[in-house]
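For reference, the chains in residue letters:
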Amino acid sequence: MTMLDEAHEWTIATDLIVTSTTLDAEKFSKYFFGCPIFTIPGWTYPVEIRYTKELESDYLDASLITVMQIHLSAPPGDILLFLTGQEEINTACKILFECMKALGPKVSELIILPIYSALPSEVQSCVFKPATPGACKVVIATNVAETSLTIPGIYYVVDPGHAGRTSPGKCYRLYTEAAYCNEMLPTSIPDIQRTNLARTILLLKAMGINDLLSFDFMDPPPAPMMLTALELLYALSALDDKGLLTHLGCKMADFPMEPPLAKMLIASIELGCSEEILSIVATLSVQTVFYWPKEKQTQADSKKAKFHQPEGDHLTLLTVYNGWKAANYLNLWCCENFIQAQSMRRAQDICKQLVAGRDYNHVRKAICSGFFRNATKKDPQEGYKTLVEGTPVYIHPSSALFNWNPEWLIYNKLVLTTREYCHNVTTVEPKCLVEVAPQFFKVADANKISKRKKQEKIEPLYNKYGKPDEWQLSKVKWSARSVSKFIHLCS
């Protein structure tokens, strides 16, 4: 029997029995052939909900002011503050710490505890410890604490969340009641309507389901997202010109990972670097392996720099994994080098042992075979520009290549904060792009470029019969006409 808990999250990977505290049960029952609905009564305490009178211009600022007001003037009780991610949580912790430091000993102690998935488990577990007598704790969390965890002692919740699990409480929502009733969706947008569908479509194709437009999705994804996924699978050679699964696509479907990572693994066999690529894929498949405790950030940066490789972040992750392996997978080694032992153990579970050489050029080529579409070129003015769309991007400050600025890069994913940053980058030669993806790139016409660029200039083959630059995704208008150009890939 397989049980799917927290079904309101509704991710792509889904097996059944279905349970949730906030699920639209009728919708699920109707989709699964009128299956029975069982309601299990629970117990919650009363919660007083408060809304703002006006819209807040700065969400983070309003959140921290509310936390300080509760701590300084409200009756005693622990506080749970929801924020969107690691960077925002760390910023909030720093600001609150400075505020409490400025107030001095004349106010009661505020214990500031962050919790997000990238933190070591021993740090996360601190949120469950009761506050010392006379002190109040504030837990600053992502939505991991919204439904997946119950933290004892919480009386106040700031912004969306659930209070009243272990005692009565108050929930401060930093938006107006009118916005809550009239502007917000009753449930979150399903994962299938907002994430990359390449893995999902590859699995459907592997099961013999080719008519994707007519497939009975519970929440049908937008056609442009499906077409983007089909384009990626075609570029990876997982689909042929008719949209049918290739022999390579069948192999890729057997791997429980995103298609670019699967393509990397398969390519590594021919290149003789399977062991290295497996280690890289394993470390990419877990949360960050590095850890920066706020009181030892300089030491952590210094330790991390020792692992940096001139080829980029993927090879840096490989060096970390090989270092841990050479240390007999000891937790002590992780502690000394500010590496998260839990993440490394997860990576070890993913990684298999294969015999291969240690030619990093082959490793980089294998990486490129899966992520060629994420190629970027250094911009003469500042940062980089992606080859596919010409989007301005920058190397993330945590990268081993942050101050190196090589001419060509491929990245694992983009992270948007104050800028659009490339996360996990590796250097690449332009000729490698043509070699691993001849259906996507070609060597540019030598008569159109300068001598200096003859050895490096490449351009995508996407929509090669269209007008200049029409291959760029940013130029695509998803009209009925443009959809029809790819319709044979879906049917």
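Everything quoted here is computed from the prediction, not taken from an experiment. (Residues numbered from 1 in each chain as written. Predicted model: local features only at pLDDT ≥ 70, side-chain atom pairs only at ≥ 80, totals over all residues. Heavy atoms only, no water.)

By size, the foremost hydrophobic cluster in this structure holds 71 residues, and its most contacted members are I277, I339, F372 and L433. Looking at this core, the element that brings in the most residues is helix α7 (residues 223-235), giving seven residues. Sequence-distant contacts of I339, that is, excluding residues within four places in its chain, are made with V289, F290, F307, V320, W333, C334 and M344. Grouped together as the second largest cluster of nonpolar side chains are 26 residues, I79, A92, M100 and I140 included. (Core = buried A, V, L, I, M, F, W, Y, C linked by side-chain atoms within 4.5 Å. Buried < 20%, exposed > 50% of the residue type's maximum accessible area, 1.4 Å probe, protein only. Helix = DSSP H or I, 4+ residues; strand = E, 2+ residues; numbered from the N terminus. Contact = heavy atoms within 4.5 Å.)

Okay, the side chain of E231 next. With respect to the element layout, E231 can be found in helix α7. Side-chain polar atoms of E231 contact the side chain of R373, separated by 3.1 Å. (Polar contact = N/O pair within 3.5 Å; in protein donor to acceptor, adjacent residues only side chain to side chain.)

Together, E54, E56, D58 and D61 make up a negatively charged patch on the protein surface. Exposure remark for E54: the relative accessible area of 62% places this residue in the exposed category. (Patch = residues over 30% accessible without salt bridge, like charges linked within 9 Å, V, L, I, M, F, W, Y side chains within 5 Å. Areas by Shrake-Rupley, 256 points an atom, 1.4 Å probe, with all protein chains shown as cover. Salt bridge = Lys/Arg side-chain N within 4 Å of Asp/Glu carboxyl O. Lys, Arg positive; Asp, Glu negative; His and termini not counted. Charge placed at Lys NZ, Arg CZ, Asp CG, Glu CD.)

This brings us to the pairing of strand β5 (residues 154-158). With four of its five residues buried, β5 lies for the most part within the structure. Where strand β2 (residues 78-82) and β5 come together, four bridges link them in parallel fashion. Its bridge partner lying in β5, D78 is registered against I154. (Pairing = 2+ DSSP bridges.)

Attention now goes to the sheet that holds strand β4 (residues 136-141). The strand order across the open sheet built from six strands is β1-β6-β5-β2-β4-β3, with neighbouring strands paired in parallel fashion. The sheet is open, and its two borders are formed by β1 (47-51) and β3 (110-115), each paired with just one other strand. Taken over all neighbouring pairs, the strand axes of this sheet differ in orientation by 20° on average, direction set aside. Contacting β2, β3, β4, β5 and β6 (169-173), helix α2 (residues 59-73) runs over the sheet at an angle of about 175° to β2. On top of the sheet, helix α3 (residues 86-103) reaches β3 and β4; it is set at about 170° to β3, its chief contact. (Axes fitted to C-alpha atoms, helices over the stretch in contact; angles between N-to-C directions.)

What the five strands build is a closed barrel, ordered β7-β8-β9-β11-β10; its pairing is mixed. Between one strand axis and the next, the sheet turns through 50° on average, direction left out of account. As paired strands, strand β9 (residues 392-395) and strand β11 (residues 420-427) are joined by two bridges and run parallel to one another. By the bridge assignment, I395 is partnered in β11 with C422. Where helix α12 (residues 313-326) meets the sheet, it contacts β10 (408-416) and β11, and its direction lies at approximately 65° from that of β11.

So, on to the environment of C136. Along the chain, C136 falls in strand β4. In the structure, C136 is positioned 65 residues away from H71 in sequence and 7.4 Å away in space, judged by C-alpha atoms. Excluding residues that lie within four positions of it along the chain, C136 makes contacts with H71, G77, D78, I79, E109, L110, I111 and A131.

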